[in-house]
Amino acid sequence: MERRNLLKMIAAATGVAMVGGRAFAYELHSPVPLSSTVFSSDDVMLFNEVADVIIPRTDTPGAKDANVGLMALILANDCYTQEERSALVQGLVTIDQQAQQRFGKPYLLLDTAQKLQYVTQLDEDAKLANNQQELFYLSSKPYDKDRDENAATPHFFTLIKQLTLFSFFTSKLGATEVLRFEAIPGKYNGELDYKKGDRAWAT
């Protein structure tokens, strides 16, 4: 899947253009360890558990299998604005606080049904909050990293969902075991067989 198509898919799935997308596309950053970011290993663990509800393991690997939390939080550290990073940090704290209020225990101790119920509600809350702030992907004021500093930041779950999708489908597991993968360059095949329901290609 080409990166441009992936970003379009993420925008369609979340209703908001990819946060930090301009930085992903145009800015180069040297790899950094998690210890050099504002996030911790506990944040990665919590992120992976939330991401596992967004992309669960089925007959193919899920988000947790790909350890998307590590890549996602390093990306957020490098490509988000300070305000966006703060929203994500606070969002991870909020997840545990809300889980404690609703279920009497932190998110990591919820069972599968409780996690699904809670994350589904978070997704609905995010859509409502983003709509109220007019953060529409196809609006006359699309989301932009270089926007007015007073403009609203998307709901924290939107940030988590976008980072999950982006990190998973650009991971080795996502590209080779969920998408169909063929190394480039490769031989030209102008008559490739297609069967309805075939997976998209990763390039």
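Keep in mind that what you see is a predicted model, and the values were worked out from it rather than measured.

A. Inspection of the side chain of Asp123 at higher detail. Position of Asp123 among the secondary structure elements: in helix 6 (residues 112–132). Relative accessible area serves as the criterion here: at 17%, Asp123 is assigned to the buried category. For Asp123, the side chain forms a polar contact with the side chain of Lys161, separated by 3.3 Å. Once you skip the residues sitting within four places of it in the chain, Asp123 turns out to touch Phe157 and Lys161.

B. Region of the structure containing the confidence of the model for the chain. Per-residue pLDDT for the chain has a mean of 80; in total, 72% of the residues score no lower than 70. Model confidence for the chain, summarised as mean pLDDT per element, is weakest for strand 1 (residues 180–181) at 46 and strongest for helix 3 (residues 41–54) at 96. Note on residues 137–143: pLDDT under 50 across the span, and 17 contacts to partners over four residues away in sequence or across chains.

C. Molecular detail of the packing of aromatic side chains. Counted according to the given criterion, the structure contains 2 aromatic pairs. Judged by centre distance (6.1 Å) and plane angle (50 degrees), the rings of Tyr107 and Tyr118 are tilted. Taken as a pair, Tyr107 in the loop between helix 5 (82–103) and helix 6 and Tyr118 in helix 6 lie far apart in primary sequence, 11 residues in all. Between Phe168 and Phe169, the aromatic rings sit 5.1 Å apart at their centres with planes inclined by 80 degrees, giving edge-to-face as the arrangement. We note that Phe168, like Phe169, is buried.

D. Expanded view of helix 5. Relative to the 32 Å expected for 22 residues at 1.5 Å per residue, helix 5 spans 32 Å between its end C-alpha atoms, a close match to the ideal helical length. In the core, the buried residues of helix 5 are packed alongside helix 3, helix 4 (68–79), helix 6 and helix 7 (156–169). Of the residues one or two after helix 5, Gly104 is the one with positive phi, at around 80 degrees.

E. View of the side chain of Lys115. Inspection of the secondary structure assignment puts Lys115 in helix 6. The class for Lys115 is buried, based on a relative accessible area of 12%. When neighbours within four sequence positions are excluded, Lys115 is seen to be in contact with Glu49, Val53, Tyr107, Leu108 and Leu110.

F. Spotlight on the packing of helix 4 against helix 7. The interhelical angle for the contact between helix 4 and helix 7, taken along N-to-C directions, is 115 degrees, at an axis separation of 9 Å. Crossing of helix 4 over helix 7 shows right-handed handedness. Within the contact between the two elements, helix 4 uses Val68, Met71, Ala72, Leu75 and Ala76 and helix 7 uses Leu163, Thr164, Phe166, Ser167 and Phe168. Considering only residue class, the contact of helix 4 with helix 7 consists of 8 nonpolar, 2 polar and no charged.

G. Layout of helix 6. With 21 residues, helix 6 ought to run about 30 Å at 1.5 Å a step, and its terminal C-alpha atoms sit 30 Å apart, in line with that. Inspection of helix 6 places Gln114, Lys115, Tyr118, Val119, Leu122, Asp123, Ala126, Ala129 and Asn130 among the buried residues, and these make up the whole buried set. Down the axis of helix 6, the buried set is contained in an arc of 165 degrees. They therefore lie on one face. Facing away from the buried side of helix 6, by more than 90 degrees, are the exposed residues Ala113, Leu128 and Gln132. Structurally, the start of helix 6 carries an N-cap: the backbone nitrogen of Ala113 is 3.2 Å from a side-chain oxygen of Asp111.

H. Geometry of the nonpolar core. Within the largest apolar cluster, 40 residues are counted, with the highest numbers of intra-cluster contacts made by Phe47, Val50, Leu88, Ile95, Tyr107, Ile160 and Leu163. Of all the secondary structure elements, the ones that give two or more residues to this core are helix 1 (3–14), helix 3, helix 4, helix 5, helix 6 and helix 7. The element that contributes the greatest number of residues to this core is helix 7, accounting for 9 residues. Ignoring sequence-local partners within four residues, the contact set of Tyr107 consists of Leu46, Glu49, Val50, Val53, Ile95, Asp96, Ala99, Lys115, Tyr118 and Val119.

Cut-off values and rules
- Residue positions are counted from 1 within each chain, in the order its sequence is given.
- The model is predicted, so local features are restricted to residues of pLDDT at least 70 and side-chain atom pairs to those at 80 or more, both for listing and for counting; the totals for chains, interfaces and linings are taken over all residues.
- For side-chain calculations, the full set of non-hydrogen atoms in the structure is used, while hydrogens and water are omitted.
- Where helices and strands are cited, they refer to DSSP runs of H or I of at least four residues and of E of at least two residues respectively, numbered from the N terminus.
- Classification of residues uses two cut-offs on accessible area relative to the type maximum, computed with a 1.4 Å probe and protein chains only: under 20% is buried, over 50% is exposed, and between them is partly exposed.
- Polar contact is defined as a pair of N or O atoms within 3.5 Å, subject to the rule that within protein one atom must be able to donate a hydrogen and the other to accept it, and that residues adjacent in sequence are counted only when both atoms are side-chain atoms.
- Whether two residues are in contact is decided by their heavy atoms: any pair within 4.5 Å suffices.
- The score called pLDDT rates the predictor's confidence residue by residue, from a low of 0 to a high of 100.
- In this analysis, rings of Phe, Tyr and Trp, with Trp reduced to its six-membered ring, are considered paired at centre separations within 6.5 Å, and the interplanar angle assigns stacked below 30 degrees, edge-to-face beyond 60, and tilted for intermediate values.
- A helix's residues, less one, multiplied by 1.5 Å, set its expected span.
- Axis geometry follows a simple rule: fit a line to the C-alpha atoms, using only the stretch in contact for helices, then measure angles between N-to-C directions, giving values from 0 to 180 degrees.
- In a left-handed crossing the near helix is turned counterclockwise from the far helix by less than a right angle, and in a right-handed crossing that turn is clockwise.
- Residues are grouped as follows: Ala, Val, Leu, Ile, Met, Phe, Trp, Tyr, Cys and Pro are nonpolar; Asp, Glu, Lys and Arg are charged; every other residue, Gly included, is polar.
- The arc in question is formed by the directions pointing from the helix axis toward the C-beta atoms.
- Only buried residues count toward a nonpolar core. Its members are Ala, Val, Leu, Ile, Met, Phe, Trp, Tyr and Cys residues joined through side-chain atoms within 4.5 Å.

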